[in-house]
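Given next are the chains, with one letter for each unit.
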Amino acid sequence: AMLRNLGKLTAVGLLTGLDPHTRHICGVLADQERLRKARLHPLAFLNALRVYQQGHGDKGKLTWQPVGQVVDALDAAFYAAFRTVRPTGKRLLLALDISGSMDVSKIAGTGLSAREASAALALVTAAVEPHYTMVGFTCSGRFGDYRSNWGLTRLDISPRQRLDDVVKRLAALPMGGTDCALPMLEAVRQQWDVDAFCIFTDSETWAGGTHPSQALRDYRASRN
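Provide a residue-level description of the pattern of salt bridges, including the pertinent values.
Opposite charge on two side chains permits pairing when their charged atoms draw close. Tallied over the full model, the rule gives nine salt bridges. We note a salt bridge from Asp164 to Arg50, for which the minimum N-O separation is 3.8 Å. A residue pair is termed long-range when its members are at least 10 positions apart, and Asp164 in helix 8 (residues 163-171) and Arg50 in helix 4 (residues 42-54) qualify at 114 residues. One salt bridge in this structure joins Asp193 and Arg223, with 2.8 Å as the shortest N-O distance. Taken together, the residues Asp193 in the loop between helix 9 (182-190) and strand 4 (196-200) and Arg223 in the segment after helix 10 (212-222) connect sequence positions 30 residues apart. The exposure class of Asp193 is partly exposed, given its relative accessible area of 43%. It is possible to trace a salt-bridge network through shared partners that takes in Arg50, Glu116 and Asp164.

Let's hear about the confidence of the model for the protein chain: which residues, and what values?
Across the protein chain, the average pLDDT comes to 88, with 94% of residues at or above 70. Within the model, pLDDT remains below 50 along residues 142-149, and this stretch shows 27 contacts once partners closer than five positions in the same chain are excluded.

A description of the pairing of strand 1 (residues 92-97) should follow, citing residues and the corresponding values.
Counted residue by residue, strand 1 has six buried out of six residues, so it is predominantly covered. Across the two faces of strand 1 the burial is the same, with Leu92, Leu94 and Leu96 and Leu93, Ala95 and Asp97 all buried. Sheet topology places strand 1 next to strand 4; five bridges connect them, and they run parallel. From the neighbouring strand, Leu92 faces strand 4, where its bridge partner is Ala196.

Definitions and limits used
- Residues numbered from 1 in each chain as written.
- Predicted model: local features only at pLDDT ≥ 70, side-chain atom pairs only at ≥ 80, totals over all residues.
- Heavy atoms only, no water.
- Salt bridge = Lys/Arg side-chain N within 4 Å of Asp/Glu carboxyl O.
- Helix = DSSP H or I, 4+ residues; strand = E, 2+ residues; numbered from the N terminus.
- Buried < 20%, exposed > 50% of the residue type's maximum accessible area, 1.4 Å probe, protein only.
- pLDDT = per-residue confidence, 0-100.
- Contact = heavy atoms within 4.5 Å.
- Pairing = 2+ DSSP bridges.

Here is the structure:
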């Protein structure tokens, strides 16, 4: 409830940066135990940060002047919330769509682009999961790390990186269509043992010669 009302609290003059209310809210956002009990995913804090930073909501006419201390506290809470996510312990292959549309597609009901949300989830996974591989994919025919006609690139994302740095890294990769089958095809090619494929895309699924569902069936058959 506090995250949802930060804009209104600022608009009515309750949060100015010099008042005790600002100190209280920043203290709550820095309290690791409260973050754990709130059971909010890091994306909830990231979305609250982006909405608060822009100084207005996506609906209605309410506007406010963001308070710097609150912006910094929300930013710190996003990274601190990584520690509240429970790991699966599974062998995960995270595949991030790097096509150009990821920059302009928005996650419904949030202020986040698909690129930013996928980068954030990659950071969360890197921070909490012990067994994972990350790749960025577009479509075959684009330049990647493996061969000149293979649109897939290994991603070395560290949980110590900042989100903005990861977004810039993804946006700088060669872009094309969206072939969601490539992660499974590469796992067969490399003989990776994967418990779950996590594919992040902006609702685009197929731009290649193999349908993703067929690629997954082929992977299961090849790895027994």
